[in-house]
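Next come the chains, spelled out residue by residue.
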Number of protein chains: 2
Amino acid sequence: MDEFSFIDSIKQNYYRQSTLIKGIGDDAAVLSSSPEDIVTAVDTFVEGVHFTKTSMEPFFVGYRGLAANLSDLAAMGASPAFYLVSIVIPKSWSMEEIAQIFSGMKELAGIYSMDLIGGDTVSGKELSISVTVIGYVKKGKARYRSVAKNGDIVFVTGTLGDSQAGFHILTNPGVYLNESYYARRHQMPSPRVDFAKSLDRLPRVSLNDISDGIASEASEIAEASGVNITLNALKIPVADSYDQFSEDLQHHWKFYGGEDFELMGTIPGSDWAEVQKLADQSQVRITEIGYVTMDHENGNVFLEKNNEKKQLQKRGYNHLK
Amino acid sequence: MDEFSFIDSIKQNYYRQSTLIKGIGDDAAVLSSSPEDIVTAVDTFVEGVHFTKTSMEPFFVGYRGLAANLSDLAAMGASPAFYLVSIVIPKSWSMEEIAQIFSGMKELAGIYSMDLIGGDTVSGKELSISVTVIGYVKKGKARYRSVAKNGDIVFVTGTLGDSQAGFHILTNPGVYLNESYYARRHQMPSPRVDFAKSLDRLPRVSLNDISDGIASEASEIAEASGVNITLNALKIPVADSYDQFSEDLQHHWKFYGGEDFELMGTIPGSDWAEVQKLADQSQVRITEIGYVTMDHENGNVFLEKNNEKKQLQKRGYNHLK
């Protein structure tokens, strides 16, 4: 298959988004103007850094790659609409495997009626995939990290640490409880798009998605908002059989593991009942895990356990260290 | 420099585009709605495939990388507004070199008041840079490959083959005429944004940018429009000292060399005088190089020289062959 036949093979037969004027097939894609605000982000995944063929079949590489991007849109309260995929292909990957990567993305894109509207295909030594996503959010309703306030409740969706537990299981064969649950959480994470969107009726929500671990994400909200965040160690939600792993791994994965693509955020306490109702409607588990304070020094995250409180380091994955 | 300090270092102190609500610093960028249509594209550049440190200082890698994307927007008749940069960084590149890549992009972006609004920074074995651009075009005025018609004039901006001549000079040290002219054409190409935008008053223009060589680009217009295109070999514009290279190289570079980032297109003959005037105003050289016909079989490109006419093969650079 050459480059041009490959592009033909991934081109959609029809497009679903009403604002699309021109998809794949010209120098660029064209979208008609819309009354909503536009949200856009890009993420890149590299073989050997973000995944290996051992832990990820190509289909999942694609699924999870797009999921990470949709999670960014969810963290802004936006609905996904379009994606563009630029891929560097080494000789060690067959065109069938590459087609499976696109098929994994297409599976997730289908859930949200997203259209693949462009990209680039080049040769190289190392597989890397850059996904650009474009979504829409109601005018003025994008959700920022910078709006947390003194007295807010801190919440998180789902359970934490599952993705890293899944990676551990996939790369360390053995006997585990709920093996397929954890593997699936690693390979096919569910970005919390619908829940995030449903929050649009609330006046103020700070929001971040958990790609680098909750310690790092909470720190971003604390810094951007100029507040302190205290997390209650015993309230961090984990899966039922999570205690099958060592205490050390449990701690590391739930605070620093990342890639769960859950959402964390803060809201005024008076909106907590409403947020719980909306989470129920989106069938998303939601847990109150801490609170926001404003002190002399701000921008920190603390971990509270049995009346002891200490600072939580923010070491998420840092690519350049 | 760690990842977070690096992101801080490339973050703009202020943004220039009026539709920007949120740039770098949250999970995604946010743009307010605009009455114009939106145009978007992504291109990826890989060390060893698209450039080497021998032929390209890091500053030029960035400049040319963004230029290629702006050329795609120009080919749609759109004005550039935003860019996002996702970069895979190997250990063999210093952070200073990476900063120079961004500085090259910033130089070109400044000409068009573009804002850098997002991206991703990851480690890997091979330097690769994915640039996503977003631009605006007057409602309904995006320029497509598919609108060429029987009887149209075929035109091209600038001169062809210069970029490959520049690459040849940079990688084969020797004595050449106009050395710095050719090197500059390779390292700092000028996307024809202003000229393309000025065409918005014309009712019908088919347009393509020359990234893969005019043979391939003409073929794309011929196929998309269901017409045949005939190019006049003696009319293809080249630089003054272009005949210093062998006949073979001259032929190869001007038809298949690519990366000149000039524009080719077709218009009704009745608009030719107007297009010449607009090119003058944008200080862009423009040349009539052929004509469009509609025959029993279409989608082909022919080369005409001294009353002889033969089919021109479309072999541009194909990454997967």
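Quantities reported herein were computed from a predicted structural model and do not represent experimental measurements. Residues take numbers from 1 onward in each chain, read along the sequence in its written order. Chain letters start at A and ligand numbers start at 1, both assigned in the order the entries are written. Reporting of local features is limited, given that this is a predicted model, to residues whose pLDDT is at least 70; pairs of side-chain atoms are given and counted only at 80 or more, and all residues count toward the totals for whole chains, interfaces and linings. Heavy atoms from the whole structure form the basis of all side-chain values; hydrogens and water molecules are not counted.

Chemist: Explanation requested: the sheet that holds strand E6 (residues 128-137) of chain B in the structure shown.
Modeler: By way of backbone hydrogen bonds, the strands of a sheet pair with one another, either parallel or antiparallel. Only strands that DSSP links by at least two bridges are regarded as paired with each other. Where helices and strands are cited, they refer to DSSP runs of H or I of at least four residues and of E of at least two residues respectively, numbered from the N terminus. Spatially, E1(A)-E2(A)-E3(B)-E6(B)-E4(B)-E5(B) is the arrangement adopted by the six strands of the open sheet, whose pairing is mixed. One side of each edge strand has no neighbouring strand; the edge strands of this open sheet are strand E1 (20-22) of chain A together with strand E5 (115-123) of chain B. When strand polarity is set aside, the average angle formed by the axes of neighbouring strands in this sheet is 20°. Where strand E2 (residues 29-31) of chain A lies against strand E3 (residues 37-46) of chain B, three bridges are found, and the strand directions are antiparallel. Bridged to Val 30 of chain A within E3 of chain B is Val 39 of chain B. In what follows, a contact means two residues having at least one pair of non-hydrogen atoms within 4.5 Å. Working convention: axes come from line fits to C-alpha atoms, limited for helices to the stretch in contact. Angles between N-to-C directions cover 0 to 180 degrees. On top of the sheet, helix H2 (residues 58-74) of chain B reaches E3, strand E4 (79-89) and E6 of chain B; it is set at about 145° to E3 of chain B, its chief contact.

Chemist: What is the right way to read the UniProt feature "binding site: Mg(2+) 5" (unreviewed entry) in chain A from this model?
Modeler: The feature "binding site: Mg(2+) 5" (unreviewed entry), as given by UniProt, occupies Asp 212 of chain A in the numbering adopted here. Along the polypeptide, Asp 212 of chain A turns up in the loop between strand E8 (206-209) and helix H7 (214-225). UniProt positions are given in the numbering used here, feature names are shortened, and annotations may be inferred rather than shown by experiment.

Chemist: So what exactly am I meant to see when it comes to the packing of aromatic side chains here?
Modeler: The geometry of an aromatic ring pair comes down to the distance between the two centres and the angle between the two planes. Residue and element names in this part refer to chain A. The rule is short: rings of Phe, Tyr and Trp, with Trp giving its six-membered ring, pair when the centres are within 6.5 Å, and they are stacked under 30 degrees, edge-to-face over 60, tilted in between. As enumerated under the stated definition, the model contains 23 aromatic pairs over all chains in all. Between Phe 155 and Phe 195, the ring centres sit 6.4 Å apart and the planes meet at 90°, which makes this aromatic pair edge-to-face. You can see Phe 155 sitting in strand E7 (residues 153-157) and its partner Phe 195 sitting in helix H6 (residues 193-198), a full 40 residues away along the chain. The pair Phe 155 / Phe 195 is uniform in exposure class, with both members buried. Each residue gets one of three labels from its accessible area relative to the maximum for its type: buried under 20%, exposed over 50%, partly exposed in between, using a 1.4 Å probe on protein chains only.

Chemist: Before we go on, may I ask you to explain the relation of the copies chain B and chain A in this structure?
Modeler: Each of the two chain copies can be brought onto the other by rotation about an axis and movement along it. Of the transformation superimposing chain B on chain A, the axial component is 0.0 Å and the angular component is 180°, with the fit at an RMSD of 0.0 Å. These values place the two chain copies in the arrangement generated by a two-fold rotation axis. Of the interface residues in chain B, 100% have counterparts in chain A that sit at the interface too, so the contact is made through matching surfaces. A residue counts toward the fit only if its pLDDT is at least 70 in both copies, and the copies are then superposed by least squares on the C-alpha atoms of those residues.

Chemist: Sorry if this is basic, but what is going on with the interface of chain B and chain A here?
Modeler: When the parts of a complex come together, some accessible area is lost, and that lost area is often used as the size of the interface. Between chain B and chain A, the residue contacts involve 65 residues of the former and 65 residues of the latter. In total, about 5100 Å² of surface goes out of reach between chain B and chain A, with carbon and sulfur atoms giving 54% of it. Only one rule defines a salt bridge in this text: a Lys or Arg side-chain nitrogen within 4 Å of an Asp or Glu carboxyl oxygen. Seen at the junction of chain B and chain A, the total is four salt bridges. In this structure, Arg 145 of chain B engages Asp 27 of chain A in a salt bridge whose closest nitrogen and oxygen atoms are separated by 3.0 Å. What qualifies as a polar contact is a pair of N or O atoms within 3.5 Å, subject to a donor-acceptor requirement within protein and to the restriction that residues adjacent in sequence count only when both atoms come from side chains. One can count 19 residue pairs in polar contact (both at pLDDT 80 or more) joining chain B with chain A. Contributing elements (two or more residues each) for the side of chain B that touches chain A: helix H1 (3-10), strand E1 (20-22), strand E2 (29-31), E3, E4, E5, E6 and strand E8 (206-209) of chain B. Top element by residues in the side of chain B that touches chain A is E3 of chain B. It accounts for nine residues. Residues of the side of chain B that touches chain A, tallied by class, amount to 29 nonpolar, 18 polar and 18 charged. Buried area is a sum: the accessible area each of two parts loses on coming together, probed at 1.4 Å, counted once for each and added. Asp, Glu, Lys and Arg are counted as charged, while Ala, Val, Leu, Ile, Met, Phe, Trp, Tyr, Cys and Pro are counted as nonpolar; the rest, among them Gly, fall into the polar class.

Chemist: Can you walk me through the UniProt feature "domain: PurM-like N-terminal" (unreviewed entry) in chain A in this structure?
Modeler: As annotated in UniProt, the feature "domain: PurM-like N-terminal" (unreviewed entry) corresponds to residues 25-137 of chain A in the numbering used here. Between the first and last C-alpha atoms of residues 25-137 of chain A the distance is 27 Å; the span itself is 30% helix and 38% strand.

Chemist: How should the sheet that holds E8 of chain B be read in this particular structure?
Modeler: Residue and element names in this part refer to chain B. One open sheet holds the seven strands; their spatial order is E8-E10-E7-E11-E9-E12-E13, and the pairing between them is mixed. Strands with a single pairing partner mark the edges of an open sheet, and in this sheet they are E8 and strand E13 (308-311). In this sheet, neighbouring strand axes are inclined to one another by 25° on average, regardless of whether the strands run parallel or antiparallel. Here strand E9 (residues 228-232) pairs with strand E11 (residues 286-293) via four bridges, running antiparallel. Counterpart to Leu 231 in the pairing with E11 is Gly 290. Here H2 sits on the sheet in contact with E8 and strand E10 (263-267), set at roughly 175° to E8.

Chemist: Explain the environment of Pro 58 of chain B here, please?
Modeler: Residue and element names in this part refer to chain B. Relative to the assigned elements, Pro 58 resides in helix H2. For Pro 58, a relative accessible area of 10% puts it in the buried group. For Pro 58 and Glu 97, which are 39 residues apart along the polypeptide, the C-alpha to C-alpha distance reads 5.9 Å. Beyond its immediate sequence surroundings of up to four residues, Pro 58 is in contact with Trp 93, Glu 97, Gln 100 and Ile 101.

Chemist: For this particular structure, what's the right way to read the pairing of strand E3 (residues 37-46) of chain A?
Modeler: Each regular strand displays side chains that alternate between the two surfaces of the sheet. Where burial is concerned, most of E3 of chain A is hidden: 10 out of the 10 residues are buried. Of the two faces of E3 of chain A, the one lined by Asp 37, Val 39, Ala 41, Asp 43 and Phe 45 of chain A and the one lined by Ile 38, Thr 40, Val 42, Thr 44 and Val 46 of chain A are each fully buried.

Chemist: So what exactly am I meant to see when it comes to the environment of Gly 265 of chain B here?
Modeler: Residue and element names in this part refer to chain B. Looking at the secondary structure, you find Gly 265 in strand E10. By relative accessible area, Gly 265 is classed as buried at 0%. Counting along the chain gives 113 residues from Gly 265 to Asp 152, while the straight-line C-alpha distance between them is 9.4 Å. Beyond its immediate sequence surroundings of up to four residues, Gly 265 is in contact with Ile 153, Val 154, Phe 155, Ser 206, Leu 207 and Ile 221.

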